[in-house]
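Structural description and commentary
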Amino acid sequence: MRSSPDYALSKSYDPAAQESKWQEYWRRQDVYRFDAQDTSRKTYSIDTPPPYPSGDFHVGNALNWCYIDFVARYKRMRGFNVHFPQGWDCHGLPTEVRVEQTFKIRKNDVPPEQFVEMCRKLTGEYIAKMKQSMNLLGISSDWALEYKTMDSSYYRLTQLSFLELYKSGYLYRGEHPVNWCPRDETAIAEAEVVYQERKGTLYYMRFGDPNEGIEIASTRPELLAACVGIAVNPKDDKYKTAVGKTITVPIFGQKARIISDDEVDPRYGTGAVMICTFGDKTDVRWQKKYHLPIIKALTENGRLSVDDSRFKGLKAEEARKKIVAELQGTGLINKTETTQQNIGTCWRCQTPIEIISRPQWFMKTRDLTQKVVEQAGKLDWVPPFAKQRLIDWAESLDWDWVISRQRIFATPIPVWYCTKCESTIIPDERDLPVDPRKDKAPENTCPKCGGREFQGERDVLDTWMDSSITAAIHAGWPSRPDLFKQLFPADLQPNGLDIVRTWDYYLLVRSLALFGTAPYKALLINGMVKGTDGRMMHKSYGNYVEADEAVKKVGADALRQWAAAGGSTGYDIPFRWNQLEYGKKFLTKLWNVTRFILANTKDPLPSKEPTNLPLIDRWLLANLQTLTNDVSEAFETFQFNTAIEAIRQFTWHSLADDYLEAIKYRLLPGRDPADLKATQYCLKEALLTVGKLLAPICPHISEAIYHQFSLGKTGSVHQENWPQPHETVDDASIRDGRLLLDLIADARRKKSSKGLSLGSNIKKIVITTRAEFLHLLKENEETILRTLKAYSMDLERSPSSSNPLKEPGPGFKVEIHA
Ligand SMILES: [Zn+2]
Ligand SMILES: [Zn+2]
């Protein structure tokens, strides 16, 4: 039987040709389709992260998706009906900022409808690009389940979840200080604040009487305009008599009360600090605690709003310079010093955040902290240390989650307000989705006061309000309760370490509030990819590698191997081109081994393992058992590096170096047909098993190998059964076979040290060994002679009294007689 030319493997391994061929095949065969009707298989549901459609898909994203794909492909082969959707988290700042940058406008320069249209268009283009990158990488998402959070069907669900939380008392609207990005002009959540070390200047400013007043150190003189108090430590003797008095703030002239509070660090600056509304979170606490007035000195775009024409409208930084110059001119600043600051910045635009108070919507997340911590403790975390990250984060939150945003391209908040009594009007669930920015209120008269005028909410929802219900939406909430039962909570929550405190947290807190349960059972966390220079990968560092570029250079299967082999799950891994090259080299080796095996196993073979196999065959099959067990265990515990290392080790060394070299003579013409069949059986068994075990990590080459075995059938290796792990392994054959192979390797070294080529014949080989090995070596005489090209073999028993071969040692001594 000859292989048909269509299936025959090309002479050399060409990743690009192979990969596009199999990707097309999978698409045509619809190999990854989740079958909602199938009740014969257990489901395995993955709550895939919906990425921001940024258009970029770098090797860090590739790592994330490879992990997910390894699991999806493995679970399919283990017989699960795998639910692997892919969605897109379209809204929010990143998209709006990109539109502003791409079209060189600000959000308010064009009508809102036009701005949204621009966002949608750009998002669509980016999605297409990223989808292509995912397909090139061989990710097995079920595209029939694709969704976009900007679709009106998704709006409906986000708004529905809002209404449910509102009705159950988890949401409220109130005026509270929140983190604010003055560049993006919106509230942002605590999770969106990134702290950065920056150098700043500490100014020593004199308040009150030039001779008797108090000197106060601050890095933000522009906040003098908002200064409502001075705080000192109660134990600080310098200020004992000052506490309780008021003092005049320079330039702006308002009176500030001096209070004492334990929180003040007497060693910082002069030991007296300004309380401004609001400079930071401490100010927010003190304002409440001491009932201080509120001065809104900053506008929403970060400019000074004071009644002083010298400073009104200036940006905070400009105002600072001008105020400092003024104070220096009047001798009120005598000293400055450089200081290291930890500044909160906006995660998207790096602008230092301000704290601004205006009406916002909040979710009562702090009420759920205890539950979040409890649930997080019960879940299965890979790696385990990620759990503490979530717990620490939840416990550190001292403000509720601000869920409203002052942006445009996002899910509208589905509420109206009565203009007379300000009560909140919500729509009927059946009318969702709504856009109160355009749509009329659902009531004609206010049920509370009878008012007839309503104002639609102009704010929109935080994008995490969309993406923190994906697990439920994937599972068909709320219209498919049957499916929901099967798919919720998700079996797997895979994401990067960087979004544990956002996505994992928000999903958990939303799900606890909406469904009373965690939305996932296990969390698979990937580390971050470091650039070739060891720093975090970032476009501005020039160490950034697009996944497409890597695929073009070495192929998807090589990139995927790097993702598996790069490091332990959950830890940061470096990006190194030589590791990708190594992956490609391995695939080339596997390709050549495959071609050799196929060329030598064309005869029909027994489907069952032949009996009375020689030691070397039993050794190979026993190693294959160990490999199957190790790789299965590694996938069960998400240790992908262990899996790929075991497969590469077996293929390269056990199969190619050891076994093939030791059995080549058995493939020559004129051999005993039974013996030929035995080795052919082993070769094919090893190749087919390797092909299956490698399928989750290197799906393309595995498919190519698998197709060599299923001529005439249409099945894909990704719909195959996973090789059955073995309860017992033939350890005796592993040990004995190793002895035989070590002996052959040792004899070869001796041959070459005598200047003999491996192919040259030798007269005799003399082996001295312990009594227990004599029989074993005698039995394998032919393998030893043929492999070493020796005419005869003498076996000598080592003297037991003065045994030179005592453990530890190889158990033999070899002499070569040319
Ligand atoms: Zn920003
Ligand atoms: Zn009213």
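Everything in this summary refers to the structure shown in the same document. The numbers attached to residues start from 1 for each chain and follow its sequence in the written order. Just so you know, chain letters begin at A and ligand numbers begin at 1, following the order they were written in. Selection of residues for local features in this predicted model requires a pLDDT of at least 70, selection of side-chain atom pairs for listing and counting requires 80 or more, and totals for whole chains, interfaces and linings are taken over all residues. Remark: hydrogens and water are excluded; side-chain values derive from all non-hydrogen atoms of the structure.

Thoughts on the overall build of the protein
- Per the secondary structure count, the protein includes 23 helices and 28 strands.
- Think of it in three bands: with a 1.4 Å probe and only protein chains considered, a residue is buried below 20% of the maximum accessible area for its type, exposed above 50%, and partly exposed in between. Considering the protein as a whole, with its 818 residues, one finds that 56% of them fall into the buried category.
- For the protein, the proportion of contacts with a sequence separation of at least 24, taken over those separated by at least 6, is 78%.
- Element-wise, carbon and sulfur atoms account for 48% of the exposed surface of the protein, whose accessible area totals about 35,700 Å².
- Positive charges are assigned to Lys and Arg, negative charges to Asp and Glu, while His and the chain termini are left out of the count. Think of each charge as sitting on NZ of Lys, CZ of Arg, CG of Asp or CD of Glu. Within the protein, the 106 negative side-chain charges are centred at a point lying 3 Å from the centre of the 110 positive side-chain charges. Helix numbering and strand numbering both begin at the N terminus, where a helix is a DSSP run of H or I of at least 4 residues and a strand a DSSP run of E of at least 2. Two residues qualify as a contact provided that any one of their heavy atoms is within 4.5 Å of a heavy atom in the partner residue. Surface exposure here means Shrake-Rupley accessible area, sampled with a 1.4 Å probe, where a residue is shielded only by the protein chains that are shown.

Concerning the coordination of the zinc ion (ligand 2)
- At 2.2 to 2.3 Å from the zinc ion (ligand 2) lie its protein donor atoms, namely Cys418 (SG), Cys421 (SG), Cys446 (SG) and Cys449 (SG).
- Listed donors are limited to N, O and S atoms within 2.8 Å of the metal, widened to 3.2 Å for Na, K and Ca; water is not among them, so incomplete-looking sites are possible. In these descriptions, tetrahedral denotes four donors with every angle between 85 and 135 degrees, square planar four donors and octahedral six donors with opposite donors over 155 degrees apart and the rest between 65 and 115, and irregular any other case. For the zinc ion (ligand 2), the four donor atoms in the first shell make angles of 103 to 115° at the metal, a pattern classed as tetrahedral.
- Sequence positions of the donors to the zinc ion (ligand 2) reduce to the motif C-x2-C-x24-C-x2-C.
- What makes cysteine 446 buried here is its relative accessible area of 3%.
- Accessibility expressed as a relative area gives 31% for cysteine 449, which makes it partly exposed.

Observations concerning the coordination of the zinc ion (ligand 1)
- Of the protein atoms, only Cys181 (SG), Asp184 (OD), Cys346 (SG) and Cys349 (SG) coordinate the zinc ion (ligand 1), at distances of 1.9 to 2.3 Å.
- Around the zinc ion (ligand 1) sit four donor atoms, and with donor-metal-donor angles ranging over 103 to 113° the site reads as tetrahedral.
- As a motif over one chain, the donors of the zinc ion (ligand 1) read C-x2-D-x161-C-x2-C. Assigned by exposure class, cysteine 181 and aspartate 184 land together as buried.

So, the pattern of salt bridges
- The term salt bridge refers to a pairing of a side-chain nitrogen on Lys or Arg with a carboxyl oxygen on Asp or Glu at a separation within 4 Å. Going through the model one piece at a time under the given rule, you end up with 58 salt bridges.
- Among the ionic pairs, arginine 78 bridges to glutamate 636, the shortest N-O distance being 3.8 Å. With arginine 78 in the loop between α2 (59–77) and β2 (81–83) and glutamate 636 in helix α17 (residues 615–636), this pair connects stretches of sequence that are 558 residues apart.
- What makes arginine 78 partly exposed here is its relative accessible area of 29%.
- The partner of aspartate 533 in a salt bridge is arginine 535, and the shortest N-O contact between them spans 3.3 Å.
- Residue class for arginine 535 comes out partly exposed when judged on its relative accessible area of 41%.

Things to note about the packing of aromatic side chains
- Any Phe, Tyr or Trp ring, taking Trp's six-membered ring, that has another such ring centre within 6.5 Å forms a pair; planes under 30 degrees apart are called stacked, those over 60 apart edge-to-face, and the others tilted. Per the stated rule, a full pass over the model turns up 30 aromatic pairs.
- Aromatic pair phenylalanine 635 and tryptophan 722: ring centres 5.7 Å apart, planes at 90°, arrangement edge-to-face. Pair noted here: phenylalanine 635 is in helix α17 and tryptophan 722 is in the loop between α20 (699–706) and α21 (731–753), with a separation of 87 residues, a long-range link.
- With relative accessibility at 3%, the residue phenylalanine 635 sits in the buried group.
- In textbook terms, an aromatic cluster arises when at least three aromatic residues are bridged by ring pairs, as seen for Tyr67, Phe70, Tyr74, Phe635, Phe640 and Trp722.
- The ring of tyrosine 126 has arginine 98 sitting right over it, with the charged end atom 5.2 Å from the ring centre.
- Sitting over the face of the ring of tryptophan 347, arginine 348 holds its NZ or CZ atom 4.5 Å from the ring centroid. The rule is short: NZ of Lys or CZ of Arg within 6 Å of the ring centre and within 35 degrees of the ring normal puts a charge over the ring.

As for the sheet that holds strand β10 (residues 246–248)
- Strand order in the open sheet made by the four strands is β10-β11-β9-β12, with mixed pairing throughout. Lying at the two open borders of the sheet, with one neighbouring strand each, are β10 and β12 (272–276). The mean inter-strand angle of the sheet, taken between neighbouring strand axes irrespective of direction, is 35°.
- Bridge analysis of strand β9 (residues 227–232) against strand β11 (residues 255–260) gives four bridges, and the strand direction is parallel. Paired with glycine 229 across the two strands is arginine 257, which belongs to β11. Following DSSP output, two strands are said to pair if at least two bridges run between them. Only C-alpha atoms enter the line fits that serve as axes; for helices the fit covers just the stretch in contact. Angles between N-to-C directions range over 0 to 180 degrees.

A word on the environment of tryptophan 399
- Position of tryptophan 399 among the secondary structure elements: in the loop between α9 (385–396) and β16 (401–402).
- Sequence separation between tryptophan 399 and serine 260 is 139 residues; the distance between their C-alpha atoms is 24 Å.
- Beyond its immediate sequence surroundings of up to four residues, tryptophan 399 is in contact with Pro177, Val178, Asn179, Glu190, Lys281, Val284, Ile355, Thr365 and Arg366.

Quick word on empty space enclosed by the protein
- Computed over the protein atoms alone on a 1 Å grid, cavities are sets of points where a 1.4 Å probe fits but cannot get out and pockets are open sets with protein on both sides within 12 Å along at least five of seven lines; a residue lines them when it has an atom within 4 Å of a point. Grid points are joined across faces, edges and corners, and a volume is the space filled by probe spheres set on the points. Under the defined criterion, the tally for this structure stands at six cavities of 30 Å³ or more.
- Surrounding the largest cavity, 15 residues form its lining, Ala189, Glu190, Asp400, Trp401 and Val402 being those nearest its centre.
- Basically, the charged four are Asp, Glu, Lys and Arg, the nonpolar ten are Ala, Val, Leu, Ile, Met, Phe, Trp, Tyr, Cys and Pro, and anything else, Gly included, counts as polar. Residues of the lining of the largest cavity, tallied by class, amount to 11 nonpolar, two polar and two charged.
- As a volume, the second largest cavity reaches approximately 100 Å³.
- Elements represented by at least two residues in the lining of the second largest cavity include exactly α3 (93–103) and β21 (460–461).
- When grouped by side-chain class, the residues that make up the lining of the second largest cavity number seven nonpolar, two polar and five charged.

Quick look at the pairing of strand β7 (residues 193–207)
- Of the strand pairs in this sheet, β7 and strand β13 (residues 333–346) are connected by 13 bridges, and their pairing is antiparallel. Bridged to glutamate 197 within β13 is asparagine 342.
- Hairpin connection from β7 to strand β8 (residues 214–218): six residues lie between these consecutive antiparallel strands, with glycine 208 at a positive phi of about 75°.

Looking at the sheet that holds strand β19 (residues 424–425)
- The antiparallel open sheet is built from three strands, whose spatial order is β19-β18-β20. Sheet topology places β19 and β20 (454–456) at the edges, where each strand pairs with a single neighbour.
- In terms of strand pairing, strand β18 (residues 416–418) meets β19 through two bridges, oriented antiparallel. Each bridged residue has a counterpart across the sheet, and for tryptophan 416 the counterpart in β19 is isoleucine 425.

Some points on unusual backbone geometry
- Looking along the chain, the bond that leaves leucine 432 and enters proline 433 is cis, with omega of 0°.
- Residue placement: proline 433 occurs in the loop between β19 and β20.
- Between tryptophan 477 and proline 478 the backbone carries a cis peptide bond, its omega angle lying at -5°.
- Note that proline 478 resides in the loop between α11 (470–474) and α12 (481–487).
- One non-glycine residue, aspartate 30, lies in the positive phi region at around 55°.

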